Structure formats: structure tokens, C-alpha cells
Amino acid sequence: MNFTEKNNYTLLADFYEFTMGNGYLENGMSDQIVHFDMFFRSAPDEASYAIVSGLEPMIEYIEALKFNDEDIAFLRSKGIFSEDFLEYLSNFEFSCDVRAVPEGTVVFPQEPLVTVRGPVIQAQLIETMVLLTINHQTMIATKANRICTAADGRPVTEFGSRRAQGYSGANLGARAAYIGGCNGTANTLADIQYGVPALGTMAHSWVQMFDEEIDAFRAYAKVYPDNCFLLIDTYDVLKQGLPNAIQVFRELREAGHEGKGVRIDSGDIAYLSKKIRKILDASGFEDVKIMASSSLDEYVIEDLLKQDACIDSFGVGERLITSKSHPVFGGVYKLVALEDGDTIIPTIKISENVTKITTPGVKEIWRFYDRDHGKALADVITQKGETIPEDEYEIFHPLFTWKRKTLKNYEVRPLLEDIYVGGKLVYESPDLDAIRDKVQKELGTLWDEIKRLNNPHEYIVDLSPALWKVKDDLLEKHGANK
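Definitions and cut-offs
Residues numbered from 1 in each chain as written. Predicted model: local features only at pLDDT ≥ 70, side-chain atom pairs only at ≥ 80, totals over all residues. Heavy atoms only, no water. Buried < 20%, exposed > 50% of the residue type's maximum accessible area, 1.4 Å probe, protein only. Helix = DSSP H or I, 4+ residues; strand = E, 2+ residues; numbered from the N terminus. Phe/Tyr/Trp six-rings, centres within 6.5 Å; stacked < 30°, edge-to-face > 60°. Core = buried A, V, L, I, M, F, W, Y, C linked by side-chain atoms within 4.5 Å. Domains from an automatic or database assignment. Contact = heavy atoms within 4.5 Å. Buried area = accessible area lost by both parts, 1.4 Å probe. Salt bridge = Lys/Arg side-chain N within 4 Å of Asp/Glu carboxyl O. Polar contact = N/O pair within 3.5 Å; in protein donor to acceptor, adjacent residues only side chain to side chain. Nonpolar A, V, L, I, M, F, W, Y, C, P; charged D, E, K, R; others polar. Pairing = 2+ DSSP bridges. UniProt positions renumbered as here; feature names shortened; annotations may be inferred. Right-handed = clockwise from strand over helix to strand, strands pointing away. 1 Å grid on protein atoms, 1.4 Å probe; cavity = no way out; pocket = protein on both sides within 12 Å on 5 of 7 lines; lining within 4 Å. Points joined across faces, edges and corners; volume = space filled by probe spheres on them.

1. What about helix α2 (residues 55-63)?
Here is step 1 of the chain: Most of α2 sits inside the fold, with seven of its nine residues counted as buried.
Here is step 2 of the chain: Those residues of α2 that sit buried are L55, P57, M58, I59, E60, Y61 and I62.

Shown next as C-alpha cells:
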């Protein structure tokens, strides 16, 4: 079951997509071929990179994109759309070319994550859902990756369903968090829908249901003797919770089973974890794990580990599933070219804010890797159809053009792949574990300085000389260089 199976998302679009579509048709422009890029201007949390996610749900949306009788009746009721336009929608058949960077790829600001070529009404119509899907999924995958980076190899479970922003936020958020590196989720439905392992033990309410805490622990151990993970902070961690857990673990051991772990969800996590570890070890339970939850994110986890907290795994909720520190991934969808017969006419959006000036034309993204150590050296955005020389390539900063560097001894690969050709799906989505593994391989190609949580080194993303000239010429044409 996918996210479109029980819902019709065809009208989940900004209303201007319909008013403009009607306008294009009325002005004889419905067959005009256009090119749009979806890209982002800066990564969340002042990071240098993001983890692209959401392509498979975007494909599911496009595959289900049909206007039924109820959709047409609603649009007709608005009283502003022509019958010709409503007839166009009734017979809607997606015919665009779509290229995208595959899920799990490390990406950087200004790089097109999705490109769409096709009739202007169609290309405009999918804008909202392309942005909604890629923005949300990439935001959560990126946040999860930062949290897992801070955890330094310790498992992180996504705990945020109850504070997610709506049902799809919880389900798709769990999917994206798994792609970003989490080992599982508390959300059972995400396991059914996407295969994200559902994990969980008990809440404080379980303990409160019994007269004595130790009775609650014994009851849980009786039901789950080989998976006994106890929440020990309902009353007093060190005076009551931990001693009761150790007693139950001893009883389990006598019965031929071993306790799995304890979880703390409040208090001074660093202090408590060190005390818990010392007491567990002294009691002969060196293999019992300690899990921490309680409003965690990458900054809190990094700080805990700097204090030598004895934590084996983390449960991270609201600050992950909402990306609380940076809850908006600012991807945009901009027109970059028109076609006039066989001629491509680049277009540009100009702003006094330099970061909002778009890069015109139909593009390709190339990633350069050092042949000796496999590390990524730089990305270059070129016009589609450009080739990269095999021996050396000079890159330069698109704003500070005197900053130049010659790359040698490299391999290159393009990042964009065909997803739809003429409206036909030509891409097969990998399974979720393959996407998740891809993230780790991609991260392995980055220098540690780029992956830092604080003040990361800026990764080079430059324009080819030919593409830079197209952009500079359009700036000159529209007076932006004067």
C-alpha cells in the first residue's frame, strides 16, 4: 500500500496552477514546451549538504494523476474555468519528461533535484506536489542523518509519530528518517507501508497500571522474556527503577533468559547513564543496553557524548519528525527554459537577493571524484549535452570568478537520471534498504570537514564556463549587471 492508494491527491495543488493552466489554454499556449527545475538554496541547520528523498512517493503521485468526475465538477463550480479547459483536464494524460537525482544521494544548494520538461499546463500542474514531496522527505532524511551522525554509530529509533504534523507527516517522515540512517520507527503503519522496522517496548502508563513498579517489570518480563527492555524513570531511576530492573533481570537469568536493556526518558541523562552503567556492570549485567530518549536532537546527543554519557542507543521524537530546529526545506520550482521548435530559450529570474537569481537553461550535474581515494572533489552544473574532458578541468566560483582551481586525476558521473520519458515511467525505484545503504556510501565519499555539524566546510558547486556565460548574458540583457 502506498500513500496515494486510499486518497485522491489530484487537486492537492496551488489554485494558481489551475488559473494559469486555464489562461495558457485560452491564450493558445497549451502546447508550449517548457523546462522547470526544482532546487534548494541552502541546506537546513546551516549544513553543507542534504540527503535527497521523496522520489518514490512523487512517482506514486504522478502515476495516480487523473481528474475524476468529482474533481471536474468542483472546478466547474468555481465559475471561472472554460469548458475547453475542463475537457482538457478530463482527458488528462501525463506526457512530460522528468529527470531527478535518485533518493539517498548527497546533494548541495543550487543543484536541480528534479527537472521537468513538457507542455506548460502539465509542468505547472505538478509543481505543488513535487515541492511538497521532495521538500518534506529531504528535510526529514537530512535531519535524521545529522542526528545519526551525532550518535556516532549508536542506533537511533524515530519516536515522533505522536507529534508529527499530520498522518502523512508521521508515515512518510518515518520513511525518510529510515533513509537518513535511523534503524527503525515507533510507527507501526510505516512498517506495513514501507518496511521500516517497527520497534518499541513500554510507556510510563504500563508501570502506573500496577501497584508496584517491580510488578510491572515482572509482568512485562513474563510476556517478553527474550526482549525485556524496561523503562526505569517513572518514579526514581537510581533508588527504585534500576534496582527493580536488576532484580527482574536476575529472575530472567535464573529462568534461562537475559534482559535486553533499560530506557531513561527524563532527568540528567548524562549523569544517570554513567551511574546506571556502573551499577549494571557491578551487578553482572554488562550486556544490558542503555537507551535514552527525552527531547533529543543532534546537538543534545553530541553534548551527551562529549560528557562521556554511557548510552547505547537513542529514541528521537519531535525534534526529528518535525525537524524542529529548521522545519522548512526551502526547495523551489522555477521556469528555466522555453522551447521554440528545436531551439531552447533559457529564462532567468532576477532578484536583488543574489541567492534567488536562478540559473537558466537545461542542465546536467556532474560529480568529480579523486581516482586515488574516491573522495568527492566538486560538483559542476553544465548545460545538458556538454562533455567533461578526461584529463583536467578548470572550475571557478560562479560569483567570485577569480577563484579558480584545476581538477586532475578524476572520475565523473552525472547525478540526474531519467524518471519519465514522454510521460512513461522508465525508472525502477530501489527498495528502501538499498536507498538507505546508498546514503552511507555517499557519505563515505565526503571529507569529514564537510560533514561537521557545526561550521562545515563549504563543498564546491560551480557552473561550467558555457552555462555561466548564458547566465551572465541574460543578466546583462535584463540590466542586472549595470
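Back to the text.
2. Focus on the packing of aromatic side chains
Here is step 1 of the chain: Evaluated as defined, the whole model comprises 17 aromatic pairs.
Here is step 2 of the chain: Between the aromatic rings of F15 and F81, the centroid separation amounts to 5.7 Å while the plane-to-plane angle is 65°, which identifies the pairing as edge-to-face. Of this pair, F15 sits in helix α1 (residues 15-26) while F81 sits in the loop between α3 (69-77) and α4 (83-90), placing them 66 residues apart in sequence.
Here is step 3 of the chain: Overall, F15 belongs to the partly exposed group, its relative accessible area being 37%.
Here is step 4 of the chain: Residue F81 is classed as buried on the basis of its relative accessible area, which comes to 10%.
Here is step 5 of the chain: With a centroid separation of 4.9 Å and an interplanar angle of 70°, the aromatic rings of F368 and Y410 are classed as edge-to-face. Here the residue F368 occupies a position in strand β14 (residues 363-370), and Y410 occupies one in strand β18 (residues 410-414), the gap between them amounting to 42 residues. Considered together, F368 and Y410 belong to a single accessibility category, that of buried residues.
Here is step 6 of the chain: One aromatic cluster is present, formed by F15, F81, F85 and Y88 through successive ring pairs.

3. So, the nonpolar core
Here is step 1 of the chain: Of all hydrophobic cores here, the largest spans 127 residues; its most connected members are V114, L230, I232, I276 and F314.
Here is step 2 of the chain: It is helix α6 (residues 127-151) that contributes the most residues to this core, twelve residues altogether.
Here is step 3 of the chain: Formed jointly, this core draws a minimum of three residues from each of two domains, domain 1 (15-141 + 329-479) and domain 2 (148-322).
Here is step 4 of the chain: Residues contacting L230, with those up to four places away along its chain left out, are M202, F217, Y220, A245, V248, F249, G261, V262 and R263.
Here is step 5 of the chain: The next biggest cluster of nonpolar side chains, apart from the first, holds nine residues, and it includes W366, F368, I395 and Y410.

4. Side note on the domain arrangement of the protein chain
Here is step 1 of the chain: Split into domains, the protein chain comes out as domain 1 (15-141 + 329-479) and domain 2 (148-322).
Here is step 2 of the chain: Counting residues at the interface gives 21 residues for domain 1, matched by 22 residues for domain 2.
Here is step 3 of the chain: Carbon and sulfur atoms supply 57% of the area buried between domain 1 and domain 2, which totals about 1800 Å² over both sides.
Here is step 4 of the chain: Linking R175 and E103 is a salt bridge whose minimum nitrogen-to-oxygen distance equals 2.8 Å.
Here is step 5 of the chain: Summed over the shared surface of domain 1 and domain 2, the number is nine residue pairs in polar contact (both at pLDDT 80 or more).
Here is step 6 of the chain: Residue assignment for the side of domain 1 that touches domain 2 shows that the elements contributing at least two residues are α2, α6 and α15 (432-443).
Here is step 7 of the chain: Of all the elements, α15 adds the most residues to the side of domain 1 that touches domain 2, at six residues.
Here is step 8 of the chain: Of the residues belonging to the side of domain 1 that touches domain 2, the class tally is nine nonpolar, six polar and six charged.

5. Focus: the side chain of Q124
Here is step 1 of the chain: The residue Q124 is located in helix α5 (residues 120-125) in this model.
Here is step 2 of the chain: Classification of Q124 as buried rests on a relative accessible area of 7%.
Here is step 3 of the chain: Setting aside residues no more than four positions away along its own chain, Q124 makes contact with Y16, E17, M20, Y24 and F36.

6. Some thoughts on the sheet that holds strand β6 (residues 156-158)
Hydrogen bonding along the main chain pairs the strands of a sheet, whether they run parallel or antiparallel.
Here is step 1 of the chain: Spatially, six strands are ordered β7-β6-β11-β10-β9-β8 in an open sheet, and the strand pairing comes out parallel. The outermost strands of the open sheet, each flanked by one partner alone, are β7 (184-185) and β8 (229-231).
Here is step 2 of the chain: Bridge count for strand β9 (residues 261-264) against strand β10 (residues 289-292) is four bridges, and the pairing is parallel. If you follow I264 over to β10, its bridge partner there is A292.

7. Regarding the UniProt feature "domain: Nicotinate/nicotinamide phosphoribosyltransferase" (unreviewed entry) in the protein chain
Here is step 1 of the chain: As recorded in UniProt, the feature "domain: Nicotinate/nicotinamide phosphoribosyltransferase" (unreviewed entry) lies at residues 156-325.
Here is step 2 of the chain: With 48% helix and 12% strand, residues 156-325 has its two end C-alpha atoms placed 18 Å apart.

8. What about the environment of K306?
Here is step 1 of the chain: In this structure, K306 sits in helix α13 (residues 298-306).
Here is step 2 of the chain: Under the relative-accessibility criterion, K306 is labelled exposed at 64%.
Here is step 3 of the chain: Between the C-alpha atoms of K306 and A270, which are 36 residues apart in sequence, the distance is 9.4 Å.

9. What about the UniProt feature "domain: Nicotinate phosphoribosyltransferase N-terminal" (unreviewed entry) in the protein chain?
Here is step 1 of the chain: Taking the UniProt record as the reference, the feature "domain: Nicotinate phosphoribosyltransferase N-terminal" (unreviewed entry) is found at residues 11-135.
Here is step 2 of the chain: With 42% helix and 18% strand, the stretch residues 11-135 has end C-alpha atoms that lie 19 Å from each other.

10. Some words on the pairing of strand β11 (residues 313-316)
Here is step 1 of the chain: Because side chains alternate across β11, one face comprises the buried residues S313 and G315, and the other comprises F314 and V316, equally buried.
Here is step 2 of the chain: Inspection of the sheet shows β6 paired to β11 by three bridges, in the parallel sense. Residue E158 lies in a different strand from β11, and its bridge partner there is V316.
Here is step 3 of the chain: Note: β10 against β11, two bridges, orientation parallel. What sits directly across from M291, in β11, is S313.
Here is step 4 of the chain: Between the parallel pair β10 and β11, the chain is carried across by α13, and the sense of this crossover is right-handed.

11. Description of the environment of V332
Here is step 1 of the chain: Residue placement: V332 occurs in strand β12 (residues 331-340).
Here is step 2 of the chain: Counting along the chain gives 200 residues from V332 to L132, while the straight-line C-alpha distance between them is 10.0 Å.
Here is step 3 of the chain: If near-sequence neighbours (up to four positions away) are discounted, V332 is found in contact with D37, M38, F39, R41 and L131.

12. Some details on the layout of surface pockets
Here is step 1 of the chain: Each pocket or cavity is described by its volume, and for the largest pocket that value is around 1100 Å³.
Here is step 2 of the chain: What lines the largest pocket is a set of 37 residues, and nearest its centre among them are Q110, H397, P398, L399 and E458.
Here is step 3 of the chain: Here the lining of the largest pocket takes four residues from helix α17 (residues 465-477), the largest share from any one element.
Here is step 4 of the chain: Tallied by class, the residues present in the lining of the largest pocket amount to 20 nonpolar, eight polar and nine charged.
Here is step 5 of the chain: The calculated volume of the second largest pocket comes to roughly 910 Å³.
Here is step 6 of the chain: Looking at the lining of the second largest pocket, the elements with two or more residues in it are β6, β8, β10, β11 and α14 (318-321).
Here is step 7 of the chain: With four residues, β11 is the largest single contributor of residues to the lining of the second largest pocket.
Here is step 8 of the chain: Split into classes, the residues belonging to the lining of the second largest pocket amount to 13 nonpolar, 14 polar and nine charged.

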